[in-house]
Amino acid sequence: MTQAAYLSNNQEKFLNELLELLRIPSISADSAYKQDVIAAANYIKDKLIAAGADQVELCETAGNPIVYGEKIIDPTLPTVLVYGHYDVQPAVPLELWETPPFEPTIRKTEIHPNGAIFARGACDDKGQVYMHVKAFEMMMAEKSLPCNVKFMIEGEEEVGSTHLGPFCIANKDRLKADVVLISDTSILANDTPSIDCGLRGLSYVEVEVTGPNRDLHSGVYGGAIANPINILAKMIASLHDENNHITIPGFYDLVQDLTEKERTALNEAPFDLDAYKKDLDVSDVWGETGYNVLERTGIRPTLDCNGIWGGYIGEGAKTVLPSKAFAKISMRLVPHQDSETITKLFKEHFERIAPKGVKVEVRPHHGGEPVVTPIDSNAYMAAEKAMETTFGKKPIPTRGGGSIPIVALFERELGLKSVLMGFGLDSDALHSPNEHYGLFNYYKGIETIPYFFKFFSELEAKK
Ligand code: BES
Ligand code: MN
Ligand code: MN
């Protein structure tokens, strides 16, 4: 049988298995789902074993287990390390899902006329991880696996990969490879393949503003005592100037402008502003003066408030001057910025701008460093050729706006570059209600991955 025949004979099985994985609510942010997280890890472990991987195990960490497995066909051949994550974001707010997040259903959409799987994790990242498991099964069944492969699928990506770094450092030998292959990013459109060549870093903080030592009657005290919610809102608003430039001193010090050539290349990606606005139902886009959407999300750093709370939010009105207000704030970082420095700059600035009458506390969360991946490596060229083969079009190099913090560590600690051969779409509602993944994208991924292995092995053999 050929690979294409194997895929078409197994389409339904490949889909049903993914649906089963998607039914497991492996939410890493909420400890109530710990058992489900372990169940998802076990599911992938069992499928890797069934497909023919060796040394498959759940590697325990202080957090969620890491699924490891490998197939070494010949130690002198190159090795591809496949990385992905089986944990998912929380599904709340549940009422905004058209069908329940952990009861996958297939529906057609304008962008996915052949149907998409609606479920939390469908695209990010279970659907994309599972493509690798099935592509591996296919190569094993067809005896066409041309080089060695190692799988490392973690369960804490959505909460900062806390335990994966130490695991990598402790397992340098076991993780020896020539490249890391990751499918956890997007393509521009189903008829416009692309490969992300960079990811932004992340600095994430929680702030707490405290006014009076207790909630007060807003009539008796209001106007005479600083209201922490009013103050916090003002402080957050002051973090951008009239050009939507971030006002933290030193924030842009290490940010490099792209050369005109790089900028032109970035803007070669087809981008339909009207369709973008229509999809999000906004009358206009917003952002830093002097940059367009692709630049604002790809190569410029940002600061966003992710959540803000305090005071009375129950039914009806309660006249209260709250004692405290809180916010979660994230900053996306670009090459040369580093998360620790940026977090420190934020903290110093935020404490400095706090007016008298309130106390401010800034608590850092997990962070991650930005990365740029090469476009002249064998691995990139193999991904390019693989996508060109299956899409019939050469993929465009792009910059991803999101973050995968562990990618910088792969480079620093394991000396490994990554290739971000993702198959999702930005409009697939990752982290949002009604997340979905196109059937086209799922099968296209399974079809493309073996070509990556083939071309990568061929290119490496010529070295
Ligand atoms: N897969 C995403 C990252 C991503 C999505 C990159 C689309 C490029 C395009 C990943 O699972 C993710 O959501 N990462 C988090 C960071 C993490 C520390 C919570 C992010 O970017 O917010
Ligand atoms: Mn992801
Ligand atoms: Mn994610």
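Residues numbered from 1 in each chain as written. Chains lettered and ligands numbered in written order. Predicted model: local features only at pLDDT ≥ 70, side-chain atom pairs only at ≥ 80, totals over all residues. Heavy atoms only, no water.

S.K.: Just to check I follow, could you spell out the overall build of the protein for this structure?
M.R.: A tally of regular secondary structure across the protein gives 12 helices and 21 strands. Contacts in the protein between residues at least 24 apart in sequence constitute 79% of all its contacts with a sequence separation of at least 6. Carbon and sulfur atoms provide 52% of the accessible area of the protein, an area that totals close to 20800 Å². Separation between the mean location of the 45 positive side-chain charges and that of the 65 negative ones in the protein comes to 2 Å. (Helix = DSSP H or I, 4+ residues; strand = E, 2+ residues; numbered from the N terminus. Contact = heavy atoms within 4.5 Å. Areas by Shrake-Rupley, 256 points an atom, 1.4 Å probe, with all protein chains shown as cover. Lys, Arg positive; Asp, Glu negative; His and termini not counted. Charge placed at Lys NZ, Arg CZ, Asp CG, Glu CD.)

S.K.: Any chance you could explain the coordination of the manganese ion (ligand 2) here in plain terms?
M.R.: Metal coordination angles have textbook ideals: 109.5 degrees for a tetrahedral set of four donors and 90 or 180 degrees for an octahedral set of six. Protein-derived ligands of the manganese ion (ligand 2) are H85 (NE2), D124 (OD), D184 (OD) and D184 (OD), with the metal-ligand distances lying across 2.0 to 2.4 Å. Taken together, the 6 donor atoms surrounding the manganese ion (ligand 2) define angles of 57 to 166° at the centre, an arrangement classified as irregular. Within one chain, the residues serving as donors to the manganese ion (ligand 2) are arranged as H-x38-D-x59-D. Between the two metal centres, the manganese ion (ligand 2) and the manganese ion (ligand 3), the spacing is 3.6 Å, with D124 acting as a shared donor. Of this pair, H85 sits in strand β3 (residues 79-85) while D184 sits in the loop between β7 (179-182) and β8 (186-187), and the two are 99 residues apart along the sequence. For the pair formed by H85 and D184, the shared burial category is buried. (Donors = N, O, S within 2.8 Å, 3.2 Å for Na, K, Ca; no water. Tetrahedral: all angles 85-135°; square planar, octahedral: opposite > 155°, others 65-115°. Buried < 20%, exposed > 50% of the residue type's maximum accessible area, 1.4 Å probe, protein only.)

S.K.: Explain the site of ligand 1 to me, please; I cannot follow it from the model alone.
M.R.: Close to ligand 1 lie 16 residues; E157, D184, R332, S403 and H431 are nearest. Between ligand 1 and the protein, one listed contact pairs an oxygen atom with a side-chain N or O atom of E158 at 3.2 Å. At 2.8 Å, a side-chain N or O of H431 approaches an oxygen atom of ligand 1. Protein coverage of the free-state accessible area of ligand 1, which is 520 Å², stands at 91%. Its residues assigned to classes, the shell around ligand 1 shows 4 nonpolar, 7 polar and 5 charged. Counting contributing residues per domain, the shell around ligand 1 is built from domain 1 (3-199 + 370-461) and domain 2 (201-255 + 301-366), each supplying no fewer than three. (Near = heavy atom within 4 Å. Polar contact = N/O pair within 3.5 Å; in protein donor to acceptor, adjacent residues only side chain to side chain. Nonpolar A, V, L, I, M, F, W, Y, C, P; charged D, E, K, R; others polar. Domains from an automatic or database assignment.)

S.K.: It is not clear to me how the state of the cysteines should be interpreted in this structure. Could you clarify?
M.R.: In a disulfide, the sulfur atoms of two cysteines are covalently bonded to one another. Throughout the structure, instances matching the rule amount to 0 disulfides. Looking at the unpaired C168, the closest cysteine sulfur is the one in C59, lying at 11 Å. For C168, a relative accessible area of 0% puts it in the buried group. There is no disulfide at C197, and the cysteine sulfur nearest it, in C123, is 18 Å away. (Disulfide = S-S within 2.5 Å.)

S.K.: I keep staring at the sheet that holds strand β11 (residues 201-210) and nothing clicks. Help me out?
M.R.: Strands pair in a sheet through their backbones, by hydrogen bonds, and they do so in one of two ways: parallel or antiparallel. The strand order across the open sheet formed by 4 strands is β13-β15-β11-β16, and the pairing between neighbours is antiparallel. Two strands lie at the open edges of the sheet, namely β13 (302-310) and β16 (359-364), each paired on one side alone. The sheet shows a mean angle of 20° between the axes of neighbouring strands, taken without regard to direction. Across 6 bridges, β11 lies against β16 in antiparallel orientation. Considered in β16, the bridge of V209 is made with V360. Against the sheet, helix α9 (residues 339-353) touches β11, β13, β15 (324-333) and β16, its axis set at about 25° to β11. (Pairing = 2+ DSSP bridges. Axes fitted to C-alpha atoms, helices over the stretch in contact; angles between N-to-C directions.)

S.K.: Sorry if this is basic, but what is going on with the pattern of salt bridges here?
M.R.: Pairing is possible between side chains of opposite charge, provided their charged atoms come close. Applying the stated criterion across every chain, the model contains 26 salt bridges. Between E206 and K328 there is a salt bridge whose closest N-O contact spans 2.8 Å. On the criterion of sequence distance, the pair formed by E206 in strand β11 and K328 in strand β15 is long-range, its members being 122 residues apart. Its relative accessible area of 11% is what places E206 among the buried residues. Classification of K328 as partly exposed rests on a relative accessible area of 27%. In this structure, E411 engages K417 in a salt bridge whose closest nitrogen and oxygen atoms are separated by 2.9 Å. Residue classification places K417 among the partly exposed positions, given a relative accessible area of 40%. Each of E206, E208, K324, K328, E361 and R363 takes part in a single network of salt bridges with overlapping partners. (Salt bridge = Lys/Arg side-chain N within 4 Å of Asp/Glu carboxyl O.)

S.K.: It is not clear to me how the coordination of the manganese ion (ligand 3) should be interpreted in this structure. Could you clarify?
M.R.: Listed as protein donors to the manganese ion (ligand 3) are D124 (OD), E158 (OE), E158 (OE) and H431 (NE2); their distances from the metal cover 2.0 to 2.6 Å. Sequence positions of the donors to the manganese ion (ligand 3) reduce to the motif D-x33-E-x272-H.

S.K.: Hey, could you run me through the pairing of β15 in this one?
M.R.: For β15, the tally of buried residues reaches 7 of 10 residues, placing the bulk of the element in the interior. Where β11 meets β15, 10 bridges bridge the pair, whose relative direction is antiparallel. Within β15, the position partnered with E206 by the bridge is K328. Note that β13 and β15 share 8 bridges and pair antiparallel. Bridge pairing links G307 to K328 in β15.

S.K.: What is the right way to look at the domain arrangement of the protein in this model?
M.R.: It is common to give the size of an interface as the accessible area lost on bringing the parts into contact. The domain architecture assigned to the protein consists of domain 1 (3-199 + 370-461) and domain 2 (201-255 + 301-366). A straight line from the C-alpha centre of domain 1 to that of domain 2 covers 36 Å. With 9 residues of domain 1 in contact, the opposing surface of domain 2 contributes 9 residues. Around 570 Å² of area is buried between domain 1 and domain 2 when both sides are counted, 62% of it from carbon and sulfur atoms. (Buried area = accessible area lost by both parts, 1.4 Å probe.)

S.K.: Explain the pairing of strand β6 (residues 148-154) here, please?
M.R.: Within a regular strand, side chains alternate between the sheet's two faces. Counting buried positions along β6 gives 7 out of 7 residues, so the element sits mostly inside the fold. Where burial is concerned, the two faces of β6 agree: the one with N148, K150, M152 and E154 and the one with V149, F151 and I153 are both buried. Two strands pair when backbone bridges link them, and strand β2 (residues 66-71) and β6 are joined in this way by 5 bridges, in the antiparallel orientation. Bridge pairing in β6 links V67 to I153. Relative to β6, β3 runs parallel, the two being bridged by 7 bridges. Directly across from V80, in β6, lies its bridge partner V149.

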